Amino acid sequence: MERLRSVLVPAVRLGCTADFEQESLPVDEVPGWFAAVGSGSGDGERRAPQFARAGREAYAEHTGGGRPWDLQDWLYRFDRTRTPGAGSGGTPP
């Protein structure tokens, strides 16, 4: 439960306080493992903990091989008025 909260708390806080008109959102509070597993870089994904890599693999299998969204795309999902930028992949979990 703590892992889930470690991602949702900063995401909800950003949803309440961030300026979604900006090109990118601050990610200082987002756990490093969450950013790494969706980074799309082989090095970042390899550094992610096993539970995060397993979750990413299950996501890809569930979505037919789609790539997870990058971190900014995940965060922009909290703003219904803005469409995430190019480069998003996959479908919502």
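Conventions and cut-offs
- Residues numbered from 1 in each chain as written.
- Predicted model: local features only at pLDDT ≥ 70, side-chain atom pairs only at ≥ 80, totals over all residues.
- Heavy atoms only, no water.
- Helix = DSSP H or I, 4+ residues; strand = E, 2+ residues; numbered from the N terminus.
- Buried < 20%, exposed > 50% of the residue type's maximum accessible area, 1.4 Å probe, protein only.
- Contact = heavy atoms within 4.5 Å.
- Areas by Shrake-Rupley, 256 points an atom, 1.4 Å probe, with all protein chains shown as cover.
- Patch = residues over 30% accessible without salt bridge, like charges linked within 9 Å, V, L, I, M, F, W, Y side chains within 5 Å.
- Salt bridge = Lys/Arg side-chain N within 4 Å of Asp/Glu carboxyl O.
- Phe/Tyr/Trp six-rings, centres within 6.5 Å; stacked < 30°, edge-to-face > 60°.
- Lys NZ or Arg CZ within 6 Å of the ring centre and 35° of its normal.
- Expected span 1.5 Å × (residues − 1).
- Arc of directions from axis to C-beta.

Honestly, the overall build of the protein chain in this entry has me stumped. Any pointers?
In terms of helices and strands, the protein chain carries five helices and zero strands. By residue count, 33% of the 93 residues in the protein chain fall in the buried class. Expressed as a percentage of contacts within the protein chain between residues at least 6 apart in sequence, the contacts between residues at least 24 apart total 48%. Carbon and sulfur atoms make up 53% of the accessible area of the protein chain, which amounts to about 6,000 Å² in all.

Before we go on, may I ask you to explain a nonpolar patch on the surface in this structure?
Taken together, Met1, Leu4, Leu8 and Val12 make up a surface patch of nonpolar side chains, about 400 Å² in accessible area. Mapped onto the elements of the fold, Met1 is located in the segment before helix H1 (2–17). Residue classification places Met1 among the exposed positions, given a relative accessible area of 66%.

Quick question: what am I supposed to make of the packing of aromatic side chains here?
Any pair of aromatic rings gets described here by the distance separating the centres and the angle formed by the planes. Tallied over the full model, the rule gives two aromatic pairs. Their ring planes at 85° and their centres at 5.8 Å tell us that Trp33 and Phe34 sit as a pair that is edge-to-face. When its relative accessible area of 23% is taken as the criterion, Trp33 is described as partly exposed. Note on Trp33 and Phe51: the rings are 4.9 Å apart at their centroids and 65° apart in plane angle, and the pair reads as edge-to-face. In this pair, Trp33 sits in helix H2 (residues 32–37) while Phe51 sits in helix H4 (residues 50–62), placing the two residues 18 residues apart along the sequence. A relative accessible area of 31% places Phe51 in the partly exposed class. Joined through ring pairs, the aromatic side chains of Trp33, Phe34 and Phe51 make up one cluster. Here Arg3 stacks its cationic end above the ring of Phe51, 3.6 Å away from the centre of that ring.

Got a minute to help me understand H4 in this structure?
In an α-helix, one turn spans 3.6 residues; hence positions three or four apart end up facing the same way. The terminal C-alpha atoms of H4 lie 18 Å apart, and with 13 residues this matches the ideal 18 Å at 1.5 Å per residue to within 8%. For H4, the set of buried residues is Ala52, Arg56, Tyr59 and Ala60. Buried residues of H4, viewed axially, fall in a sector of 95°; they line one side. H4 presents Glu57, Glu61 and His62 as exposed residues on the side facing more than 90 degrees away from its buried surface.

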